[in-house]
Amino acid sequence: MVIKKLDKITSECINNIAELHKKAFPSFFLTQLGVPFLRVLYTGYMEDKDSGIIIAEEKNKLVGFIAYSNDYPRFYNGLIKNHIVKFALCSLGAAIRHPAFIKRLLGAFKKSKSVERNTKYVELASICVEPRIKSHGVGTALINYLKGIVDFNIYAYINLETDADGNDGVNMFYKKNGFELVRQFTTAEGRRMNEYNYKGLI
C-alpha cells in the first residue's frame with residue numbers, strides 16, 4: 001500500500017475521490033448532492049494553500065483518502081467565494097427533488113463561523129476507505145501519515161467530528177488511533193455529534 005499527499009489536481013483523481021466518497025457514505029447529505037458537487041468540494045481542498053488530500057493506493061487503485069485543512073475557517077470562506085456558482089449548479093437537481101436540502105446547504109455554507117477556535121489546529125475534514133477493505137488498516141495508515149506531517153509546535157491538535165449515534169465502530173476507531181473525545185453537540189438538524197482531538201506525542 002502506498003500513502004502519499006497529492007501534489008497536483010487531475011480530473012481522474014478528483015473523480016475517483018468523489019466516487020469513493022459516494023461508495024463509502026451512500027446515505028450522507030453531501031453524497032446526495034451528487035458526484036459533481038463532491039468533485040468541486042475536493043478540488044477546493046487541492047486549490048487551497050493550507051489544505052490538502054492524502055491518498056492510499058493499492059496496485060495503483062485508490063482505496064482511501066483524507067481531506068484536511070490547516071485553516072478550516074478560511075478554507076470554508078474561500079470555498080464559498082471561489083465556487084458558489086458551481087456548488088449552486090451542482091446541487092440544483094438535489095434541491096428540486098428535496099427542497100429541505102436548501103436549508104441544510106445554506107447552513108453548511110455558514111460553517112466557517114462554527115469552526116473558529118482560539119488556537120491554530122488542523123481539521124481532519126473527511127476520511128474515506130474502500131468499504132470492502134476497511135479491515136486492512138488503510139484508515140490508520142492515512143491518519144498516521146497526517147500525524148506525521150502536522151507540526152504540533154504550530155498546531156495545537158488535529159480536530160474531527162463524527163456521528164455520536166449508531167456509529168460505535170467509527171468512534172472506537174478514532175479512540176484507538178489516539179483521539180480524545182472533547183465534546184458532544186447537536187446540530188440544527190438534531191444530529192448528535194462527537195468532537196475529537198489528537199494532540200500529538202508529549
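Definitions and cut-offs
- Residues numbered from 1 in each chain as written.
- Predicted model: local features only at pLDDT ≥ 70, side-chain atom pairs only at ≥ 80, totals over all residues.
- Heavy atoms only, no water.
- Phe/Tyr/Trp six-rings, centres within 6.5 Å; stacked < 30°, edge-to-face > 60°.
- Helix = DSSP H or I, 4+ residues; strand = E, 2+ residues; numbered from the N terminus.
- Buried < 20%, exposed > 50% of the residue type's maximum accessible area, 1.4 Å probe, protein only.
- Lys NZ or Arg CZ within 6 Å of the ring centre and 35° of its normal.
- Pairing = 2+ DSSP bridges.
- Axes fitted to C-alpha atoms, helices over the stretch in contact; angles between N-to-C directions.
- Contact = heavy atoms within 4.5 Å.
- Polar contact = N/O pair within 3.5 Å; in protein donor to acceptor, adjacent residues only side chain to side chain.

**Student:** Give me the lowdown on the packing of aromatic side chains, citing residues and values where you can.
**Tutor:** As enumerated under the stated definition, the model contains 11 aromatic pairs in all. On the basis of an interplanar angle of 20 degrees and a centroid distance of 5.6 Å, the ring pair of Y121 and Y157 is categorised as stacked. With a gap of 36 residues between them, Y121 in the loop between α6 (111-114) and β4 (122-129) and Y157 in the loop between α7 (138-149) and β5 (158-163) connect regions that are remote in the sequence. Accessibility expressed as a relative area gives 4% for Y121, which makes it buried. With a relative accessible area of 10%, Y157 lands in the buried category. Taken together, the ring pairs in this structure connect F152, F173, Y174, F179, Y196 and Y198 into an aromatic cluster. Its end group placed over the ring of F185, R183 keeps NZ or CZ at 4.2 Å from the ring centre. The lysine or arginine in question, R191, covers the ring of F28, its NZ or CZ lying 5.8 Å from the ring centre.

**Student:** Kindly report on the sheet that holds β5, identifying the contributing residues and their values.
**Tutor:** The strand order β1-β2-β3-β4-β5-β7-β6 describes an open sheet built from seven strands, whose pairing is mixed. Every interior strand has two partners, whereas the edge strands, β1 (2-5) and β6 (180-186), have only one. When the angles between neighbouring strand axes are averaged without regard to direction, this sheet yields 25 degrees. Pairing analysis gives six bridges linking β5 to strand β7 (residues 192-198), with the strands arranged antiparallel. Residue pairing across strands places I158 opposite Y198, the latter belonging to β7.

**Student:** Quick one: what's the story with the environment of T31, residue by residue and with numbers?
**Tutor:** Along the chain, T31 falls in helix α2 (residues 29-32). Once the C-alpha coordinates of T31 and H21 are considered, the two residues, 10 residues apart in sequence, prove to be 7.2 Å apart. Setting aside residues no more than four positions away along its own chain, T31 makes contact with H21, K22, F25, P26 and L38. Side-chain polar atoms of T31 contact the backbone oxygen of F25, separated by 2.6 Å.

**Student:** Help me get a handle on the environment of S69, residues and values and all.
**Tutor:** Tracing the sequence through the fold places S69 in strand β3 (residues 61-69). S69 gets classed as buried once you look at its relative accessible area, which sits at 0%. Remark: the alpha-carbon pair of S69 and D50, spanning 19 residues in sequence, is separated by 5.9 Å. Leave out the neighbours within four places in its chain, and S69 touches D48, D50, S51, F75, Y121, V122 and E123.

In short, shape yes, function no, at least from these values alone.
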